[in-house]
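# Observations on the three-dimensional arrangement
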Amino acid sequence: MLKKRLIAVLILRDGQVVQSVRFKHTNVIHYDPVHAMEAFNKWAVDEIVMINVSRDADSVDQFARIVERVSRQCFVPLTAGGWITSEEYAQRLLRSGADKLTVNTLLADDPELVTRLARRYGSQCIVASMDVKRDESGQPFVAVDRGSRVIQKTPEEWAQRAVALGAGEILFNSVDHDGARRGYDLDSIRKVCAAVSVPVIAFGGVFTWDHLVEGIDAGASAVAVANLFHYTEQSTRKAKTHLAKAGVPVRQQGQSLATAKTPAPTSRPQG
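What counts and how
Residues numbered from 1 in each chain as written. Predicted model: local features only at pLDDT ≥ 70, side-chain atom pairs only at ≥ 80, totals over all residues. Heavy atoms only, no water. Core = buried A, V, L, I, M, F, W, Y, C linked by side-chain atoms within 4.5 Å. Buried < 20%, exposed > 50% of the residue type's maximum accessible area, 1.4 Å probe, protein only. Contact = heavy atoms within 4.5 Å. Salt bridge = Lys/Arg side-chain N within 4 Å of Asp/Glu carboxyl O. Helix = DSSP H or I, 4+ residues; strand = E, 2+ residues; numbered from the N terminus. Expected span 1.5 Å × (residues − 1). Arc of directions from axis to C-beta.

### Observations concerning the nonpolar core
By size, the foremost hydrophobic cluster in this structure holds 76 residues, and its most contacted members are Ile48, Met50 and Leu212. Sequence-distant contacts of Met50, defined by excluding residues within four places in its chain, comprise Leu10, Leu12, Phe63, Ile66, Val67, Val70, Leu78, Thr79, Ala80 and Gly81.

### Details of the pattern of salt bridges
Overall, the coordinates contain 16 salt bridges when judged by the stated rule. A salt bridge links Lys100 to Glu169; the shortest N-O distance between them is 3.0 Å. In this pair, Lys100 sits in strand 6 (residues 100-103) while Glu169 sits in strand 10 (residues 169-174), placing the two residues 69 residues apart along the sequence. One exposure class covers both Lys100 and Glu169, and it is buried. The partner of Arg149 in a salt bridge is Asp109, with the nearest N and O atoms 3.1 Å apart. In this pair, Arg149 is assigned in strand 9 (residues 149-151) and Asp109 in helix 4 (residues 106-109), connecting sequence segments 40 residues apart. Owing to a relative accessible area of 31%, Arg149 belongs among the partly exposed residues under this scheme.

### Topic: helix 2 (residues 59-71)
Look at helix 2: 18 Å from first C-alpha to last across 13 residues, which is about the 18 Å you get at 1.5 Å a residue. Taken as a whole, helix 2 has its buried residues at Ser59, Val60, Phe63, Ala64, Ile66, Val67, Val70 and Ser71. Axial view of helix 2: buried residues confined to an arc of 160°, hence all on one face.

Below is the structure:
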């Protein structure tokens, strides 16, 4: 049986790992992202996602350097994104050690670039990050540009569009659930999972390990957590144990992961 993945998310603002609450990023959790990643390496996480939410586009150089530092000691697949607006920067992140790219606003502003990246690196390399915000009537719509700009498309419509453009995976997040400690937006996740054939990662709102089980039951292929993992000792190991006890097939510590990577070399090939 295909195992479900547990993913740790590092939200970076100006080079520091921050807490995210409804997409507000004011509380610094780790001043050095490498320290956060080292803990997850030890605690049996399956993948790590790093997202640059800095407001300044000049942060791209700093973020690429951090990706390189983290990747040298990261022994699981690493996804990186934020401010990807060109093929050159996408290539730089991959050369810096990222295994996958996550794109968000790019899906709205330059969809042709998404397709070019998918053709160049393969759909498995492109993760479509989808942020969903509910309007006053409770209807969910997609929001881009760090949740500030609403697109009049439902989550399932946007997911189908992302897959058509070449994305091989969906990272689903909810602005309303982000940091709210009430679990995932399960209704939207169910609809997105039913609308596309690619893996869907549930993200946003986890406060108890039962929330992870609910995400899997809603159809997600993987469950992701940011804030809670940083504040709980041995967090991912405890989460894995809870998932296994609930009957969810997960990779236990010591088992091989087909896509896990070997330690990165100290220098990266050029070209």
